Amino acid sequence: MYLRNFISMNDVSEVGLRELLRLSKELKDKLKNHESHRRLEGKTLAMIFEKPSTRTRVSFETGMYQLGGHALYLSASDLQLGRGETIEDTARVLSGYVDCIMARTFKHETVVKLAESASVPVINGLSDLEHPCQILADLLTIQEEKGDFKGLKIAYIGDGNNVAHSLMLGCAKLGMSVSVAAPKGYAPDSEIAKLSHKEAERHGAFVEITTDPGKAASQADVLYTDVWVSMGQDKEKAKRLKVFKPFQINEKLFKKAKPDCIVLHCLPAHRGLEITGEVMDGMRSRIFQQAENRLHSQKALLVTLVMPVKRESLENQGGKVALMFHGQTD
Ligand code: CP
Ligand code: NVA
């Protein structure tokens, strides 16, 4: 498979996603069995952060180290970006030093521009619109727990935000039905919802948006939530905490789901707000397994994007690269 950048969950086809999941499992097994898998020996990843991070930062840095490479943490405010150097110039300069760039940005446009100007692969490590790396780990967790995706229903309860957008696209591509319960005015982007529904329909599944958490959770195989106040929304905090109150994942909501339903949360969590501590630490929580899977799935992503053998074989094809993504040809 050939993947140039990973900016949106929509950059990758169902086949591409399945291949990434297969490789994630392979690399996870190798790590657990203490088998060497230094597939990115001598490679460097630049990580630009406009926002804070625990999981993304540590899993990418550790992942590069385990693959034999190296990662650089770059706070946007410490770069010349903070003093007015353009994102385009930054992309061109970094492309001369490193083999891949990951960026966590406010505006989605920033990571898009970065990808357009860089000559190395670019990864979206969360923007205001999407968080595709998170969803790779979520899908790996669902696969580990449920075996496959087709016929499953996932219910996302809460804000129609970046995580919700990538989750809808990713789950729909693999044949899951997705039910999103969000308060009025906080529904996911309608274009992303439409696109996800189209993907789901190919499998006889659906994507629906409701304001009723009970309806979304009904007969669900997976319950999912995220914070009510995302990074950059602190000014709206008081209002949001009020509006989202009925959208908590708790034992009562859990009872509406299937008996073997699992619960996921991308983290960080606010216990007592979007999820109760009881559910988070309960028997059906897979939240910390999900957090660990960020490491394994991102290693698969890095190998896919950076692995030199892919690039050589692409060059050998004389520029005729068959893209599996969107069925395009490059
Ligand atoms: N889920 C996630 O992306 O966590 P961090 O903000 O800690 O990276
Ligand atoms: N929606 C959250 C996700 C954090 C990983 C945010 O953007 O802050």
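Residues numbered from 1 in each chain as written. Chains lettered and ligands numbered in written order. Predicted model: local features only at pLDDT ≥ 70, side-chain atom pairs only at ≥ 80, totals over all residues. Heavy atoms only, no water.

(A) Fine view of the overall build of the protein chain. From N to C terminus, the protein chain includes 13 helices and nine strands. In summary, the protein chain has a C-alpha radius of gyration of 19 Å against a globular reference of 20 Å for 330 residues, a match within 12%. Along the first, second and third principal axes, the C-alpha atoms of the protein chain reach 55 × 45 × 40 Å. Each of the 330 residues in the protein chain was classed as buried or not, and the buried ones make up 56%. Taking the intrachain contacts of the protein chain between residues at least 6 apart in sequence as the baseline, contacts between residues at least 24 apart amount to 74%. Counting only carbon and sulfur atoms, one obtains 51% of the accessible surface of the protein chain, whose full area is about 14300 Å². Once the 45 positive and 42 negative side-chain charges of the protein chain are each reduced to a mean point, those two points are 3 Å apart. (Helix = DSSP H or I, 4+ residues; strand = E, 2+ residues; numbered from the N terminus. Rg over C-alpha atoms; globule rule 2.2 N^0.38 Å. Buried < 20%, exposed > 50% of the residue type's maximum accessible area, 1.4 Å probe, protein only. Contact = heavy atoms within 4.5 Å. Areas by Shrake-Rupley, 256 points an atom, 1.4 Å probe, with all protein chains shown as cover. Lys, Arg positive; Asp, Glu negative; His and termini not counted. Charge placed at Lys NZ, Arg CZ, Asp CG, Glu CD.)

(B) Structural view of the site of ligand 1. Every residue close to ligand 1 is listed here: Ser53, Thr54, Arg55, Thr56, Arg104, His131, Gln134, Cys266, Leu267 and Arg294. Measuring from an oxygen atom of ligand 1, one finds a side-chain N or O atom of Thr56 at 2.7 Å. Here a nitrogen atom of ligand 1 and a backbone polar atom of Cys266 are 2.9 Å apart. Burial of ligand 1 by the protein amounts to 95% of the accessible area it has alone, namely 250 Å². Counted by class, the shell around ligand 1 contains two nonpolar, five polar and three charged residues. (Near = heavy atom within 4 Å. Polar contact = N/O pair within 3.5 Å; in protein donor to acceptor, adjacent residues only side chain to side chain. Nonpolar A, V, L, I, M, F, W, Y, C, P; charged D, E, K, R; others polar.)

(C) The arrangement of the site of ligand 2 in detail. By nearness alone, every residue bordering ligand 2 is listed as Leu126, Asn161, Asn162, Val163, Asp226, Val227, Ser230, Met231 and Leu267. Measuring from a nitrogen atom of ligand 2, one finds a side-chain N or O atom of Asp226 at 2.6 Å. Here ligand 2 occupies the largest pocket. The class makeup of the residues in the shell around ligand 2 is five nonpolar, three polar and one charged. (1 Å grid on protein atoms, 1.4 Å probe; cavity = no way out; pocket = protein on both sides within 12 Å on 5 of 7 lines; lining within 4 Å. Sits in = over half its atoms within 2 Å of the grid points.)

(D) Examining the nonpolar core more closely. Counting 59 residues, the largest nonpolar core has Leu45, Ile123, Leu139, Ile154, Leu301 and Leu302 as the members making the most contacts within it. The biggest single contributor to this core is helix α6 (residues 162-173), with seven residues. Leave out the neighbours within four places in its chain, and Leu301 touches Leu3, Phe6, Leu20, Ile123, Cys133 and Leu136. Core analysis: the next-biggest nonpolar cluster, separate from the first, contains 23 residues, Phe254, Leu267, Val279 and Met280 among them. (Core = buried A, V, L, I, M, F, W, Y, C linked by side-chain atoms within 4.5 Å.)

(E) Focus on helix α3 (residues 87-95). Three or more residues of α3 are buried, namely Ile87, Thr90, Ala91, Leu94 and Ser95. Buried residues of α3, seen end-on, are gathered within an arc of 130 degrees and therefore sit on one face of the element. Lining the buried residues of α3 we find β1 (44-49), β2 (70-75), β3 (100-104) and α4 (108-117). (Arc of directions from axis to C-beta.)

On their own, these measurements won't tell you what the molecule is for.
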